Amino acid sequence: MNYDVAVVGAGVIGSLIARELSRYNLKIALVEKCNDTAMGTSKANSAIVHAGFDAKPGTLKAKLNVAGTELMPELCKTLSVPFKPVGSLVVAFSDEEVETLNELLERGNENGVPGLEIYDKAKLKEAEPSISDEAKAALWAPSAGIVCPYELTIAAAENAVVNGAEFIRNFEVKKIDFDGEKFTISNGEKEIAAKYIINAAGVYCDEIAALIGDTSIHTTPRKGEYMLCDKTVGKLANHTIFQCPSKMGKGILVTPTVDGNLLLGPSALDIEDKNDVTTSADTLAEVLEIAKKSVPCLTTREVITSFAGLRAHCDRDDFIIEPSEKNAQFINVAGIESPGLSSAPAIALYVKDIILNAMPAEEKSNFNPVREEPVRFRHMSNEERKALIEKNPAYGRIICRCETITEGEILDAIHAPAGARDVDGVKRRTRAGMGRCQGGFCGSKVVELLAQELGVEINEITKFGGNSKILYDRTK
């Protein structure tokens, strides 16, 4: 198991880096400690493609945010990932906050963000009829958008695998040795070798770097809790609505999602436990209360689930994308907090250039950048559905009634490159279980299909890998 490059971490950053490197005659491994891609920050964030007015001018965050946002629409089209250019509004509720808007406008212009404009109260109300009457003005950023972060991650990993990269799941890196030419990476049971390592391990970047003696990175998990509302209130926000930012981040937002839901959050709390994605009633109540400052008619009635994600905050307060001082063949891609998702396409190109400058390689003549669009039965016309079912009757069996997801789509998700191996993997790829009932009706059938297609006992199927078994034994 010898590779030119091992990318550690199959989040959106690592997966897009692996995809970019798969363009070249290089042997690539995408190494992930969990059972699937998008198991960390990439599955639990705001899903916002930020315009780029918030980052400090001259930083990597500013440069790569604006570049990544420009690349995102075409990338999503190529990878068949939902993207909506909804734009964003930063709302001011006082004269002091109006001054903050002017500062953000000036900063955004310096960063090269296109089309920024200050809306007065009347124009803001026209754009967002549900906005609070207390709002005085807003900064409008038309280049902002929304995307599905885990779908983008999955699509990038799939495309990388199609183009020759190998996805190695359930491989937790515990030891790294270097013999002067290449690294040996061990999980305690198996080993792989690579000339270069790209450390894209999110909140664990500091721990992976420490395995080669690099203690320069200090990562603090910053927990953010969210509330997801039903599609019945999705129209309460036409754009992403921010409040004025603070030193802890961009604050509580109200935003539509690409699937028509409404998302509220996140909170921001620095913690020590890198596995703590619990939610609390008190924090969620605070999230709702602050969100209601923007959109007063919000209630808990339409909240269908809540969740938490961790952002990798580093003390340098900027992205760290550079060879390690301990070993130039070890590339740190650390501190990728907001606007990490927005910057991801540009980060992948930036890292690709670092690798190619160190290890030149020719581009493949047969590289295929396009990921074939998955079947999305819920978006089809009746005529299209009929034709599809005639070809394959599995698409005529509805498994998830809330989201209109078919058996055929679930089978596709399991058998895709870097496909689903657990219930959450199916959920992220198809939306089975993401509706109002949150898998109450379709969950058992998804478990059955996974066992059937993977050729394992039904009590071996997990929710998200590891010991998260759905069933422990058969009943009589």
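Residues numbered from 1 in each chain as written. Predicted model: local features only at pLDDT ≥ 70, side-chain atom pairs only at ≥ 80, totals over all residues. Heavy atoms only, no water.

1. Things to note about the environment of Ala 122
(1) Moving on: Summarising the element assignment, Ala 122 is placed in helix α4 (residues 121-127).
(2) Moving on: A relative accessible area of 55% means that Ala 122 is categorised as exposed.
(3) Moving on: Through-space distance from the C-alpha of Ala 122 to that of Ile 405 is 42 Å; in sequence the pair is 283 residues apart. (Helix = DSSP H or I, 4+ residues; strand = E, 2+ residues; numbered from the N terminus. Buried < 20%, exposed > 50% of the residue type's maximum accessible area, 1.4 Å probe, protein only.)

2. Some words on the packing of helix α10 (residues 407-415) against helix α11 (residues 423-430)
(1) Moving on: The interhelical angle for the contact between α10 and α11, taken along N-to-C directions, is 115 degrees, at an axis separation of 9 Å. As judged from the angle between their axes, α10 and α11 are roughly perpendicular. Both α10 and α11 take part in a crossing whose hand is right-handed. Where α10 approaches α11, its residues Glu 409, Ile 410, Ala 413 and Ile 414 are matched on the opposing element by Val 426, Arg 429 and Thr 430.
(2) Moving on: Of the residues belonging to the contact of α10 with α11, the class tally is four nonpolar, one polar and two charged. (Axes fitted to C-alpha atoms, helices over the stretch in contact; angles between N-to-C directions. Parallel < 35°, antiparallel > 145°, perpendicular 65-115°, else oblique. Left-handed = near helix turned anticlockwise from the far one by under 90°. Contact = heavy atoms within 4.5 Å. Nonpolar A, V, L, I, M, F, W, Y, C, P; charged D, E, K, R; others polar.)

3. So, the state of the cysteines
(1) Moving on: Per the counting criterion, the structure on display carries zero disulfides.
(2) Moving on: For the unlinked cysteine Cys 34, the closest cysteine sulfur is that of Cys 205, found at 14 Å.
(3) Moving on: There is no disulfide at Cys 76, and the cysteine sulfur nearest it, in Cys 148, is 9.6 Å away.
(4) Moving on: Its relative accessible area of 1% is what places Cys 76 among the buried residues. (Disulfide = S-S within 2.5 Å.)

4. Side note on the nonpolar core
(1) Moving on: In terms of nonpolar packing, the biggest core is built from 49 residues, with Ile 198, Ile 321 and Val 333 touching the most fellow members.
(2) Moving on: For this core, the elements supplying multiple residues, two or more each, are β1 (2-8), α1 (12-21), β2 (28-31), α2 (60-79), α5 (149-162), β12 (191-199), β20 (330-334) and α8 (340-358).
(3) Moving on: With nine residues, α8 is the single largest residue contributor to this core.
(4) Moving on: Setting aside residues no more than four positions away along its own chain, Ile 321 makes contact with Leu 60, Leu 64, Asn 332, Val 333, Ile 336, Ile 347, Tyr 350, Val 351 and Ile 354.
(5) Moving on: In this structure, Val 173, Tyr 204, Ile 208 and Ala 334 belong to the second largest nonpolar core, which totals 29 residues. (Core = buried A, V, L, I, M, F, W, Y, C linked by side-chain atoms within 4.5 Å.)

5. Let's talk about the sheet that holds strand β3 (residues 48-49)
(1) Moving on: Spatially, β3-β8-β4 is the arrangement adopted by the three strands of the open sheet, whose pairing is antiparallel. Edge strands, defined here as strands with exactly one partner in the open sheet, are β3 and β4 (83-84).
(2) Moving on: Pairing geometry for β3 and strand β8 (residues 145-147), over two bridges, is antiparallel. Bridge assignment links Val 49 to a residue of β8, and that residue is Gly 145. (Pairing = 2+ DSSP bridges.)

6. Remarks on unusual backbone geometry
Only a minority of non-glycine residues have a phi that is not negative, and only a minority of peptide bonds are not trans.
(1) Moving on: Note the cis peptide between Gly 265 and Pro 266, where omega equals -5 degrees.
(2) Moving on: Its place among the elements puts Pro 266 in the loop between β16 (262-265) and β17 (269-270).
(3) Moving on: Positive phi is not limited to glycine here, since Ser 80 has a value of about 55 degrees.
(4) Moving on: Locating Ser 80 in the fold gives a position in the loop between α2 and β4.
(5) Moving on: Residue class for Ser 80 comes out buried when judged on its relative accessible area of 13%.

7. A short note on the pairing of strand β7 (residues 137-141)
(1) Moving on: Most of β7 is tucked away: five of the five residues are buried.
(2) Moving on: Burial along β7 is two-sided: the residues Ala 137, Leu 139 and Ala 141 and Ala 138 and Trp 140 are all buried.
(3) Moving on: Where strand β5 (residues 88-92) meets β7, five bridges bridge the pair, whose relative direction is antiparallel. Across the sheet, Ala 92 pairs through a bridge with Ala 137, a residue of β7.
(4) Moving on: By the bridge criterion, four bridges tie strand β6 (residues 117-120) to β7 in an arrangement that is antiparallel. Each residue of the ladder has a partner; that of Asp 120, found in β7, is Ala 137.

8. Digging into α2
Quick reminder: α-helices carry 3.6 residues per turn. Residues three or four places apart thus point the same way.
(1) Moving on: The sharpest bend along α2 comes to roughly 40 degrees, located at Met 72, with the proline Pro 73 sitting one to four residues further on.
(2) Moving on: Ser 80, located one to two residues past α2, shows a positive phi value of around 55 degrees. (Bend = angle between axes of the 7 residues up to and from the residue.)

9. Section: the pattern of salt bridges
(1) Moving on: For the coordinates displayed, the defined rule picks out 30 salt bridges.
(2) Moving on: Note that Asp 270 is salt-bridged to Arg 222, the shortest N-O span being 2.6 Å. Placement of the pair is Asp 270 in strand β17 and Arg 222 in strand β13 (residues 219-229), with a sequence separation of 48 residues.
(3) Moving on: A relative accessible area of 6% places Arg 222 in the buried class.
(4) Moving on: Salt bridges linked by common partners bring Lys 231, Asp 259, Arg 378, Glu 403 and Arg 431 together as one network. (Salt bridge = Lys/Arg side-chain N within 4 Å of Asp/Glu carboxyl O.)

10. Things to note about the side chain of Thr 257
(1) Moving on: Mapped onto the elements of the fold, Thr 257 is located in the loop between β15 (253-256) and β16.
(2) Moving on: On the basis of relative accessibility, which here comes to 18%, the residue Thr 257 falls in the buried class.
(3) Moving on: Not counting residues up to four positions away in its chain, the partners in contact with Thr 257 are Lys 84, Ile 146, Leu 228 and Leu 263.

11. A closer look at the side chain of Asp 259
(1) Moving on: Among the structural elements, Asp 259 can be located in the loop between β15 and β16.
(2) Moving on: At 2.9 Å, the side chain of Asp 259 forms a polar contact with the side chain of Arg 431.
(3) Moving on: Ignoring sequence-local partners within four residues, the contact set of Asp 259 consists of Lys 231, Arg 378 and Arg 431. (Polar contact = N/O pair within 3.5 Å; in protein donor to acceptor, adjacent residues only side chain to side chain.)

12. Considerations on the environment of Phe 377
(1) Moving on: Locating Phe 377 in the fold gives a position in the loop between α8 and α9 (382-391).
(2) Moving on: C-alpha of Phe 377 to C-alpha of Ala 334: the two residues are 43 residues apart in sequence and 38 Å apart in space.
(3) Moving on: Apart from the residues lying within four places of it in its own chain, the contact partners of Phe 377 are Arg 385, Leu 388, Ile 389, Tyr 395, Ile 398, Thr 404, Thr 406 and Glu 409.

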